[in-house]
Amino acid sequence: MTVTFPQKGLPWLLLLPQLLVTAIFFLWPAEQALEQAFYQEDAFGLSREFIGLENFADLFTDPLYYQSMLTTLVFSFSVAIVGMSLALLLAVMADRIIRGKLAYQTLLIWPYAVAPALAGVLWWILFDPSMGPIALWLKSAGIDWNHYLDGNQAMILVVIASTWKQISYNFLFFLAGLQAVPRSLIEAAAIDGASPFKRFWTIVFPLLSPTTFFLLVVNLVYAFFETFGVIDATTKGGPGQSTTTLVYKVFDDGFVGLDLGGSAAQSVVLMAIVGLMTVIQFRFIERKVQYS
Amino acid sequence: MIENRPWLTFASHATLLIGIALVALPVWMALVASTHPASAFGVGHIPLWFGGAGAQTWGTVLFEKAGNGVDTPVWFMMLNSLIMALGITFGKIAISLLSAYAIVFFRFPFRNLCFWIIFMTLMLPVEVRIVPTYEVVANLDLLNSYTGLTLPLIASATATFLFRQCFLSIPGELVEAARMDGAGPWRFFFDILLPLSRTNIAALFVILFIYGWNQYLWPLLITTDDAYYTLVMSIKRMLSVTDGDIAWNQIMATTLLAMLPPVAVVIGMQKLFVKGLVDSEK
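Keep in mind the model is a prediction, meaning the values are calculated, not measured. (Residues numbered from 1 in each chain as written. Chains lettered and ligands numbered in written order. Predicted model: local features only at pLDDT ≥ 70, side-chain atom pairs only at ≥ 80, totals over all residues. Heavy atoms only, no water.)

S.K.: Even after reading the chapter, I still don't get the packing of helix H8 (residues 183-191) of chain A against helix H9 (residues 196-207) of chain A, so can you show me in this structure?
M.R.: Packed helix pairs are characterised by how far apart their axes lie and by the angle those axes make with each other. Residues and elements named next belong to chain A. Contact pair H8 / H9: the axes reach a minimum separation of 10 Å and the direction vectors enclose 165°. Between H8 and H9, the interaxial angle falls into the category roughly antiparallel. Read as a crossing pair, H8 and H9 show a hand that is right-handed. Side by side, H8 and H9 meet where Leu185, Ile186, Ala189 and Ala190 of the first sit next to Arg199, Ile203, Val204 and Leu207 of the second. (Axes fitted to C-alpha atoms, helices over the stretch in contact; angles between N-to-C directions. Helix = DSSP H or I, 4+ residues; strand = E, 2+ residues; numbered from the N terminus. Parallel < 35°, antiparallel > 145°, perpendicular 65-115°, else oblique. Left-handed = near helix turned anticlockwise from the far one by under 90°. Contact = heavy atoms within 4.5 Å.)

S.K.: Would you mind going over a negative patch on the surface with me for this structure?
M.R.: Together, Glu49, Glu54, Asp58 and Asp259 of chain A make up a negatively charged patch on the protein surface. Mapping Asp58 of chain A onto the fold places it in helix H2 (residues 54-61). (Patch = residues over 30% accessible without salt bridge, like charges linked within 9 Å, V, L, I, M, F, W, Y side chains within 5 Å. Areas by Shrake-Rupley, 256 points an atom, 1.4 Å probe, with all protein chains shown as cover. Salt bridge = Lys/Arg side-chain N within 4 Å of Asp/Glu carboxyl O. Lys, Arg positive; Asp, Glu negative; His and termini not counted. Charge placed at Lys NZ, Arg CZ, Asp CG, Glu CD.)

S.K.: What's the story with the interface of chain B and chain A in this structure? I'm lost.
M.R.: When the parts of a complex come together, some accessible area is lost, and that lost area is often used as the size of the interface. If you look at the interface, chain B gives 119 residues, while chain A gives 102 residues. Across the chain B to chain A interface the summed buried area is about 10,200 Å²; carbon plus sulfur atoms make up 78%. In this structure, the connection of chain B to chain A is made through one salt bridge. Here Asp232 of chain A and Lys236 of chain B are joined by a salt bridge, their closest N and O atoms 3.0 Å apart. Along the contact surface separating chain B from chain A lie eleven residue pairs in polar contact (both at pLDDT 80 or more). Among the elements that line the side of chain B that touches chain A, the one with the most residues is helix H1 (residues 6-33) of chain B, at 19 residues. Looking at the side of chain B that touches chain A residue by residue, the classes come out as 85 nonpolar, 22 polar and twelve charged. (Buried area = accessible area lost by both parts, 1.4 Å probe. Polar contact = N/O pair within 3.5 Å; in protein donor to acceptor, adjacent residues only side chain to side chain. Nonpolar A, V, L, I, M, F, W, Y, C, P; charged D, E, K, R; others polar.)

Encoded structure:
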């Protein structure tokens, strides 16, 4: 328990800026979304009509919404799993070596700083069907690459661009986790004759499971919400709806389709999902922390 | 290393080098592409080695206009990005330090409610509630302004949460001692708390700067006046040309310039950045 100061008014003064910003730019829009979700508004915002839960009913009977949900799940889990496996591989290798660890780390972490939209553009040029070197190479190998037409290929492109950026983040956490594994445990196993692979799977990997779980949540959250730029800069949700994730759909329906009620209903659903994920993450973080 | 297995050490280095090469591949290609004239990008043809037009492309993009429908030079948009990134960074750190201080070191009614209200915003990015937030900002007449670019993005609690964690780990005896020596809350804040959280602040600075610099959708929506264009969002405007070919050389040069500042910050402040990330887990 921390020792506290007795002042009564001061804490409110200290909290005021944060509460104001939160109220104006978070609670107010959230409330607006909630309200809008129950109305039907014409595209110019001139008239609105209360329609109760109809927006939600429309949403949950719309096959496109379920398709978008599925797209989001496929996309998010692909990004999380590919990104985490590659990062784990690199971290295990970096943990093994003695010389040049910092140099490798430096050369691996910088993509973290690249904006998702830029990552999308960078990979786009490599995969552009008419001039991208990778696309042309795939063509010569017999794979007809055209992410403008093929939904699965478009998905692969956005997964690659989003994963690329996330590898550095996962790498750092796995490396930190690996360095926290007690050396004595590994040495004991080595003396007992366990091979490096066996040691990894029976000792190191189980000890990494908290890190892995944490990264899974973080990566899913990242893929859910922060990859908007990747998708918007490369595929714009297409072809068809094949790369329209839930967050992209909120934007697309609201700003492009001008379906404000529908977009608001989607915002409300998303906020509920985020709330749930936050609680999971918070429980996890709280459990791990020991306050001194 | 437990035992000496030269082939495994070799394999480790090899894997890491391949990993680095793959990670660097798109940037390498962008660099090469930016050194060729726009005419070099035809069907079935992308240059694989440096050309001679690099200095010219980079010069045009940086000082004249980025091209492809964006008439603002990159240096100017860099300035806007910098204002936005620093505004978000300093704003967030300032309000978060104060509110975390209030929540940890004072007891007052509704303390927990306040914490939860702030905490709710922790992971909710602006993209999720984009339409209503846009409307609120439009109602407040903040479109096309630096205030509109920064303030709405300050409303997230990541920093508050980190400072709370950091303050909670400060031993009570320290506060007790300060109080016995007659230090009031402000003196305690400036003389003890701030110096103790110096490294946390620096680490957060790195992370928030990158967050602010990399904003994409928000500036894209609320800036229609090119005096407020930021660098990352301008890429989108450069890509959506309707007439004629996309000038890939200019786009690639702009992309590289847009990633330069945050990458420099991450590499230059690597220790703080890593600490900031790994601490945020705890």
